[in-house]
Amino acid sequence: MTPYFSKELKRYNYLLSETESAYREAASRLGLPESSMMVLYAVCHAGTSCPLRDICRNAGVSKQTINSALRRLEAEGLIYLENTDGKNKTVFLTSEGQKLAGRTAAKVIAIENAIFASWTNEDVKQYLSLTERYLQDFREHLRHLKQD
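Residue indices follow the written sequence of each chain, beginning from 1 at its first position. Where local features are concerned, this predicted model is filtered to residues with pLDDT of at least 70; where side-chain atom pairs are given and counted, the filter is 80 or more; whole-chain, interface and lining totals use all residues. Excluded from the side-chain calculations are hydrogens and water; all other atoms, namely the structure's heavy atoms, are used.

> What should I look at first to understand the packing of helix 2 (residues 34-46) against helix 6 (residues 105-118) in this one?
Packed helix pairs are specified by the crossing angle of their axes together with the interaxial distance, meaning the distance between the axes. Where helix 2 contacts helix 6, the axes come no closer than 9 Å and their chain directions differ by 65 degrees. On the basis of their axis angle, the class for helix 2 and helix 6 is roughly perpendicular. Like other packed secondary-structure pairs, helix 2 and helix 6 cross with a definite hand, here right-handed. Here Met37, Leu40, Tyr41, Cys44 and His45 of helix 2 come into contact with helix 6, specifically with Ala105, Ala106, Val108, Ile109 and Glu112. By the convention adopted, Pro, Cys, Tyr, Trp, Phe, Met, Ile, Leu, Val and Ala count as nonpolar, Lys, Arg, Asp and Glu as charged, and the other residues, Gly among them, as polar. In terms of residue class, the contact of helix 2 with helix 6 is made up of eight nonpolar, one polar and one charged. Axis lines are fitted to C-alpha atoms, over the contacting stretch for helices. Their N-to-C directions set the angle, which ranges from 0 to 180 degrees. Secondary structure elements follow DSSP: runs of H or I no shorter than four residues count as helices, runs of E no shorter than two count as strands, and numbering proceeds from the N terminus. Oblique is the label for any angle not covered by the other classes, which are roughly parallel (under 35 degrees), roughly antiparallel (over 145) and roughly perpendicular (65 to 115). By convention, the crossing between two helices is left-handed when the near helix turns anticlockwise from the far helix through less than a right angle, and right-handed when the turn is clockwise. Whether two residues are in contact is decided by their heavy atoms: any pair within 4.5 Å suffices.

If you want it as structure tokens, here you go:
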């Protein structure tokens, strides 16, 4: 059975796909694998360190993909991991990692900030409010989702 896609859902899926593609392009233009950019972005977002569980949760890719990126970044001397709270780990940027993050992830964050700064406060509030509402509604529907 072919699922029914409304024109709004088709448009939403298209925009979501194109947004993800734009972030992949940003990583490529900045000379990074997408997974490495995800790690650097997450750590920049948090400061100079970030719990590994937060990176995995927010990246939207498999833990294996993130672990591969971490091994690569660690081998290049850009990050290091420390055990915190028993088996939890935190990712830290080295000084070279901070420089790389400044040349890459920080540029993407600057673009994002510039976009929001160019919108009216009302547009930003509406965009964030509707995005949050969509996510909450989706999660609520997931609570009732069952396999037949």
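> Explain the packing of aromatic side chains here, please?
To describe a pair of aromatic rings, one takes the distance between the centres and the angle between the planes. Classification of ring pairs rests on two measures: the distance between centres of Phe, Tyr or Trp rings, Trp counted by its six-membered ring, which must be within 6.5 Å, and the angle between planes, read as stacked under 30 degrees, edge-to-face over 60 and tilted in between. Taken as a whole and judged by the stated rule, the model has six aromatic pairs. Centre to centre, the rings of tyrosine 80 and phenylalanine 92 are 5.1 Å apart; their planes meet at 10 degrees, and the pair counts as stacked. With a gap of twelve residues between them, tyrosine 80 in strand 2 (residues 79-84) and phenylalanine 92 in strand 3 (residues 88-93) connect regions that are remote in the sequence. Phenylalanine 92 sits in the buried class, given a relative accessible area of 19%. Only protein chains enter the accessibility calculation, which uses a 1.4 Å probe; a residue is then buried when its area is under 20% of its type maximum, exposed when over 50%, and partly exposed in between.

> In this structure, what is going on with a nonpolar patch on the surface? I would like to understand it.
Surface patches are defined over residues having more than 30% relative accessible area and no salt bridge, joining like charges when they lie within 9 Å and nonpolar side chains (Val, Leu, Ile, Met, Phe, Trp, Tyr) when within 5 Å. Shrake-Rupley sampling with a 1.4 Å probe provides the accessible areas, and residues are treated as covered by the protein chains on show and by no other component. Salt bridge, as used here: a side-chain nitrogen of Lys or Arg that lies within 4 Å of a carboxyl oxygen of Asp or Glu. Together, Tyr12, Leu16, Tyr134, Phe138, Leu142 and Leu145 make up a nonpolar patch on the protein surface, roughly 570 Å² of accessible area in all. Listing elements by their share of the nonpolar patch, those giving two or more residues are helix 1 (7-29) and helix 7 (121-143). When residues in the nonpolar patch are grouped by element, the largest group, three residues, is from helix 7. As for its position among the elements, tyrosine 134 is in helix 7.

> How do you make sense of the packing of helix 5 (residues 95-103) against helix 6 when you look at a structure like this?
Running from N to C, helix 5 and helix 6 cross one another at 35 degrees; their axes reach a closest spacing of 3 Å. Each of Ala101, Gly102 and Arg103 in helix 5 lies in contact with helix 6, whose residues at this interface are Ala105, Ala106 and Lys107. Considering only residue class, the contact of helix 5 with helix 6 consists of three nonpolar, one polar and two charged.

> What should I look at first to understand the side chain of serine 36 in this one?
Its place among the elements puts serine 36 in helix 2. Residue serine 36 is classed as buried on the basis of its relative accessible area, which comes to 2%. With sequence-adjacent residues up to four places away left out, serine 36 is seen in contact with Ala69, Arg72 and Leu73.

> Would you take a moment to explain the nonpolar core for this structure?
The nonpolar side chains of a soluble globular protein tend to be buried, and buried together. Counting residues in each nonpolar core, the largest one holds 25 residues, and the members touching the most others are Val39, Leu40, Val43, Ile55, Ile66, Leu70 and Val91. Only helix 2, helix 3 (52-59), helix 4 (63-75), strand 3, helix 5 and helix 6 provide two or more residues apiece to this core. The leading source of residues in this core is helix 2, at six residues. Those residues in contact with valine 43 that sit more than four places away from it in its chain are Thr48, Ser49, Cys50, Ile55, Val91 and Leu93. Residues belong to one nonpolar core when they are buried, are Ala, Val, Leu, Ile, Met, Phe, Trp, Tyr or Cys, and are joined through side-chain atoms within 4.5 Å.

> What should I look at first to understand the pairing of strand 3 in this one?
Regular strands show a simple pattern: their side chains alternate between the two faces of the sheet. The sheet contact formed by strand 1 (residues 49-51) and strand 3 spans three bridges and is antiparallel. Residue proline 51 lies in a different strand from strand 3, and its bridge partner there is threonine 90. Here, strands pair whenever DSSP counts at least two bridges between them. Pairing between strand 2 and strand 3: six bridges, direction antiparallel. Paired with asparagine 83 across the bridge in strand 3 is lysine 89. Connecting the antiparallel pair strand 2 and strand 3 is a turn made up of three residues, with aspartate 85 showing a positive phi of about 50 degrees.

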